[in-house]
Amino acid sequence: MIRFPRLPLFPLLTVLFLLGPLVAGLWGTLLPAFGHFPAGGHTGPSLDPFRALWEWPGLSDASRLSLVTGIVSALLSLAITALILAGWTGTRGFRVLERLLSPFLSVPHAAAAFGLAFLIAPSGWIARLFSPWLTGWERPPDLLILNDPWGLSLIAGMVVKEVPFLLLMSIAALGQIDGRRRMALSQSMGYGRIKAWMVAIFPALYAHIRLPVLVVLTWAMSVVDVAVILGPSTPPTLSVQIVRWMSDPDIGFRLLAAAAALWQLVLVVAGVGLWFLGEHLIARLACRLIQTGRRGRSDTPLRVAGFALGTTVSLSLLLGFLGLIIWSFAGFWSFPDLLPDQFTFRSWMRHRTGSLDALGETALIAGVSVIIGMILTIGCLETEERYGLRMTQRGMWLIYLPLILPQTAFLPGLQTLLLNLGLGMGRLPVILAHLVFVLPYLRLSLEGPWSAWDRRQATVAKALGATPNQILWRVRLPMLLAPLLTATAVGVAVSVGQYLPTLLAGGGRVETLTTEAVALASGGDRRAIGVFGLMQTAAAMLPFALALALPALVWRNRKGLLNG
Amino acid sequence: MANGLHLDHVCILKDGAKLIEIDTHVAPGSVLTIMGPSGVGKSTLLSAIIGTLPPAFALHGHVRLKGRDLLPLPPEDRCVGILFQDALLFPHLSVGANLAFGLAQGGTRAERRSQIDAALAEVGLEGFADRDPETLSGGQRARVALMRMLLSEPKALLLDEPFSGLDAALREQVRALVFDHARARALPVLMVTHDQEDADAAGGEVVRLG
């Protein structure tokens, strides 16, 4: 049995793995941004990189795109989530929506974006459905729907992916709010459902989901993979441009990229500032509106709209997923036809080697980073238990920090730092970079079940003479098998979906399903995209199926552990 | 029977099994007390009357208020107020704004403000409008919650163990206040409790469940 260290070893290691790459990455961004990049033959400090950035003609468009698409999509996601919850919590319709949306939480962003692209493209399913009988189109219309210059399809793609996330985070938080009585009280004073919910529950809920909302906001302002697939291209969003510069064969562009990464950080901070200001203004406005006593009784149209939006989101995800499947098996498929002429395995055979190699790499990286992450997370939770420590609000911010900080602000720096130190890029840095994002999600998904565990079980075991280690290994962990497996599945899904950490820390040489799929975006080979997108989705979703099936198998004769 | 709150052969089923059966009438200004151990479905009955019965339950019979059938109506149109054990004042609103939330729509800002001040004065809380609800004592919160509900002009009042969170001395005082106000407005009151003292103080009919 492993002796438990007296020092808070696990928390220290966790903070190191969590913050080390962040700090190193920011440092590695700061130096080249101010002209110091020995590996490229530049020594600073100088302001040349920033001068070059200001001279880039696309800067204002790219900055505006990042800011606007980010804030609009976060706002829309939050509004749709609130509308669904306000109109439908506690009803049968809500449970249907919840079941429709929750499986899609683990779908990687890139796969969801490709699915949406297959749906809304000029040659996509929606156009096919109405052609030619309604539209008169005999061939795909020459419309710029995907990659439109305003970023509308990009916003749609982000909303479709973030609504399930916010909805499930909200459902978890609602358990801690006495929502039922608050609603009953407001409704008994004559308030319509939606208004009652907005006044009585939303403020309390928002306090609980504020950090996840910030994650959505900063993610949306700096996302790369979804923006490569759905976003505009001339100019692209700032983050996509940073990645383009980072991938330029001319190593000198790394300086420009670093300056842009710092500018991206400034933009995100400004965006968060605007958001905080908006929170404040909306709260004040709402307080004044509440005091007019307007009851908002005729809210049926709003309720219907909420349900329609929720259905649209889940249908887009579902049909997008179907689209990936069908394209991967499609033979010849001419335009207005809803289905291909024939189904073949040709695409799967053609990409067999490539996709299996990528699958192996994906599984290896996800496996190692999740194993390290689980050891650290359980070590932390157990240390906190034995030392009687409690998670503080500040600790929560620390855990959320890697999720809130824009990836494009520190990952480019990680790469230039590795270059400067003469260290190679490859699998190990990729695993460490993945760990930065896997750790927070492991902690967040284990936090609840870990503390909800009935501590009297430990007391009983102790009274029977069990040591703390025996209690951990033989009582607590076996009892928590189901949540441990779910957390593992969450960690794997997070790792599988990572695009930028794999691309930058791997120096472009580590090829996972996600990097391969996103790389296909510009080529437009839909059959290949179908194959890789589907493999990627399967790699993220199968662990969840296992996490559900395994406890049922292991504890098939232990009813008390099955429905916990 | 046309006045007051009429529970006409009400029967509540949970997943098909009978949970409660009750047939009674509460006259305006009087209090009907429902007693019984926890888990017998007392609160479920109140949910059924205000219209927030969860989907797992089914309701047979009729609930009429002043002769109007409530069951086909959504909760917001039933004009049935409810008070819980906790005051449930909204922590993000001042005391005055909490009352403004209850106060029926209409009137200028000044008129509304004076109605709220009058309501506060009525329960001995003059000048409390701008206070944070968190700074109030338990008894003060209960009084604000009562006035918030009454300002919404309900036609019947339901009480869900409303006094069990208060200590003995305070309980008597708040109880008298609630009953007095309900009687002054001629509201039929239906109270759910497991405290015999509540039932004695109410002085009305007592129905025992379970």
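Everything quoted here is computed from the prediction, not taken from an experiment. (Residues numbered from 1 in each chain as written. Chains lettered and ligands numbered in written order. Predicted model: local features only at pLDDT ≥ 70, side-chain atom pairs only at ≥ 80, totals over all residues.)

Colleague: Can you explain the pairing of strand S7 (residues 156-160) of chain B? Please cite residues and give values.
Modeller: Residue and element names in this part refer to chain B. Extensive coverage of S7 is indicated by the burial of 5 of its 5 residues. Burial along S7 is two-sided: Ala156, Leu158 and Asp160 facing one way and Leu157 and Leu159 facing the other are all buried. Where strand S6 (residues 80-83) lies against S7, 4 bridges are found, and the strand directions are parallel. Across the sheet, residue Leu83 finds its bridge partner in S7, namely Leu159. Looking at chain direction, S7 and strand S8 (residues 189-193) are connected through 4 bridges and run parallel. Residue pairing across strands places Leu159 opposite Met191, the latter belonging to S8. The parallel pair S7 and S8, bridged by helix H5 (residues 168-184), forms a crossover whose chirality is right-handed. (Buried ≥ 20, exposed ≤ 12 C-beta atoms within 10 Å, placed from the backbone. Helix = DSSP H or I, 4+ residues; strand = E, 2+ residues; numbered from the N terminus. Pairing = 2+ DSSP bridges. Right-handed = clockwise from strand over helix to strand, strands pointing away.)

Colleague: Which residues make up the pairing of strand S3 (residues 31-35) of chain B, and what values go with them?
Modeller: Residues and elements named next belong to chain B. Counting buried positions along S3 yields 4 of 5 residues, so the element is predominantly enclosed. Relative to S8, S3 runs parallel, the two sharing 5 bridges. Within the sheet, the bridge partner assigned to Thr33 lies in S8 and is Met191. Examined bridge by bridge, S3 and strand S9 (residues 206-208) share 3 bridges and lie parallel to one another. Pairing of Ile34 across the sheet is with Val207, part of S9.

Colleague: Please set out helix H21 (residues 468-479) of chain A residue by residue, giving values where relevant.
Modeller: Every α-helix winds through 3.6 residues per turn, so residues three or four apart in the chain are directed the same way. For H21 of chain A, which comprises 12 residues, the first-to-last C-alpha distance of 15 Å matches the rise-based estimate of 16 Å (1.5 Å per residue) to within 8%. Where the residues of H21 of chain A are buried, they touch helix H16 (352-387) and helix H20 (456-463) of chain A. (Expected span 1.5 Å × (residues − 1). Contact = placed C-beta atoms within 7 Å.)

Colleague: Which residues make up the interface of chain A and chain B, and what values do they have?
Modeller: Facing 25 residues of chain A, the contacting portion of chain B comprises 24 residues. For the side of chain A that touches chain B, the secondary structure elements donating two or more residues are helix H8 (179-188), helix H9 (193-200) and helix H13 (253-290) of chain A. Top contributing element to the side of chain A that touches chain B by residue count: H8 of chain A, with 7 residues. Here the side of chain A that touches chain B is composed, by residue class, of 10 nonpolar, 9 polar and 6 charged. (Nonpolar A, V, L, I, M, F, W, Y, C, P; charged D, E, K, R; others polar.)

Colleague: Help me get a handle on the packing of helix H1 (residues 9-33) of chain A against H13 of chain A, residues and values and all.
Modeller: Residue and element names in this part refer to chain A. At a minimum axis distance of 8 Å, the contact between H1 and H13 shows a crossing angle of 120 degrees. Put simply, H1 runs oblique to H13. For the element pair H1 and H13, the recorded crossing hand is left-handed. Between H1 and H13, the contacting residues are Thr29, Pro32 and Ala33 on the first element and Arg254, Leu255, Ala258, Ala259, Ala261 and Leu262 on the second. When grouped by side-chain class, the residues that make up the contact of H1 with H13 number 7 nonpolar, 1 polar and 1 charged. (Axes fitted to C-alpha atoms, helices over the stretch in contact; angles between N-to-C directions. Parallel < 35°, antiparallel > 145°, perpendicular 65-115°, else oblique. Left-handed = near helix turned anticlockwise from the far one by under 90°.)

Colleague: Run through the sheet that holds S7 of chain B, naming residues and quoting values.
Modeller: Picture the strands of a sheet paired through backbone hydrogen bonds; they go either parallel or antiparallel. Residues and elements named next belong to chain B. One open sheet accounts for 5 strands, arranged S6-S7-S8-S3-S9; its pairing is parallel. Taken across any chain shown, the strands that pair with only one partner, and hence form the sheet edges, are S6 and S9. Neighbour-to-neighbour, the strand axes of this sheet turn through a mean angle of 20 degrees, independent of strand direction.

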